[in-house]
Amino acid sequence: MLDGFLIKGIICDTPQKQLYKAVDDNGTLVLIKTISQEYLNDQSIARLKREYDIMCQLESSYAIKPLRFTIRNGFPFLIMEHFDGIPLDLLSLQFNSLSPVEQLLCKLDVALWICDALSNVHEQKIIHKNINPSNILVDYGTKSVKLLDFSLSSQLSFERFEQLEGALEYISPEQTGRMNRNITFHSDYYSYGISLFKFFTGTFPFDASSPLEWLNCHITKKPKSPADLNPSIPGVLAQVILI
């Protein structure tokens, strides 16, 4: 795929992008992100380059250090330091052998770590704009969290809607383009809440089967209660997730 690197496994595979674990010629472990061929165009390449630029400016223990950006045979590659974490949407599998209460406590730990990570990025005046489980890596053993995919991020304290971007299941109401409201740091916390809902319950707070339905849900629908879907979730925690 990329000369000088041996792919050791895939960490995240979505329709738009792939994240690989690899080793370079010196035996150093790295992470490599690239774009799926179906989504490969000038805009997606520019976004990956922008992600590299923003990551270079970030001074955060919650973001993976970028090493370099390169284009080979028309494909862009973002090479980063290695982090031994897994996406949030796969982490629940590690807790399956635990009791419901133990699972709840472990997930609560992770939720707090992610909140710290998001707060740290916001302190550096960056709105992520694409918070979802595939963009959150967690190493539970070392209590570490890293945020991924700054390709849509804004370095402004707020911005107006320009185009529909991000995972529709997780975008905030103001990111739908159907509300006269600025996109701010609060938009990330809405997406964080949807991500936590999925993490704690295994499903979404809304039922939708098309892009238009998802947009409508974020604007008009009342979410389900996490406690109704997972009885081990205390009412207070359910309310926090829904804030």
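For the structure itself, look to the data block above.
Since this is a predicted model, take the numbers as computed values, not measurements.

Caption draft 1: Representation of the environment of Arg178. Within the secondary structure, Arg178 is located in the loop between β8 (144-147) and α4 (185-201). When the C-alpha positions of Arg178 and Phe199 are compared, they lie 27 Å apart, and in sequence the two are 21 residues distant. Those residues within four positions of Arg178 in sequence are excluded, and the remaining contacts are Leu212, Leu215 and Ile219. A polar atom in the side chain of Arg178 sits 3.1 Å from the backbone oxygen of Thr176.

Caption draft 2: Representation of empty space enclosed by the protein. This model, assessed by the stated rule, comprises two cavities of 30 Å³ or more. Computed from the structure, the largest cavity encloses a volume of approximately 50 Å³. What lines the largest cavity is simply Cys12, Lys17, Gln18, Leu19, Lys33, Glu51, Met80, Ser134, Leu148 and Asp149. Among the elements that take part in the lining of the largest cavity, strand β2 (residues 17-24) stands out by supplying three residues, more than any other. Of the residues that constitute the lining of the largest cavity, the class distribution is four nonpolar, two polar and four charged. Counted as a void, the second largest cavity has a volume near 30 Å³. Surrounding the second largest cavity, Lys129, Asn130, Ile131, Asn132, Ala167, Tyr170, Ile171, Gln175 and Ser191 form its lining. Taken together, the residues that form the lining of the second largest cavity break down as four nonpolar, four polar and one charged.

Cut-offs used in this document
Residues numbered from 1 in each chain as written. Predicted model: local features only at pLDDT ≥ 70, side-chain atom pairs only at ≥ 80, totals over all residues. Heavy atoms only, no water. Helix = DSSP H or I, 4+ residues; strand = E, 2+ residues; numbered from the N terminus. Contact = heavy atoms within 4.5 Å. Polar contact = N/O pair within 3.5 Å; in protein donor to acceptor, adjacent residues only side chain to side chain. 1 Å grid on protein atoms, 1.4 Å probe; cavity = no way out; pocket = protein on both sides within 12 Å on 5 of 7 lines; lining within 4 Å. Points joined across faces, edges and corners; volume = space filled by probe spheres on them. Nonpolar A, V, L, I, M, F, W, Y, C, P; charged D, E, K, R; others polar.

Honestly, it's all geometry; don't read function into it.
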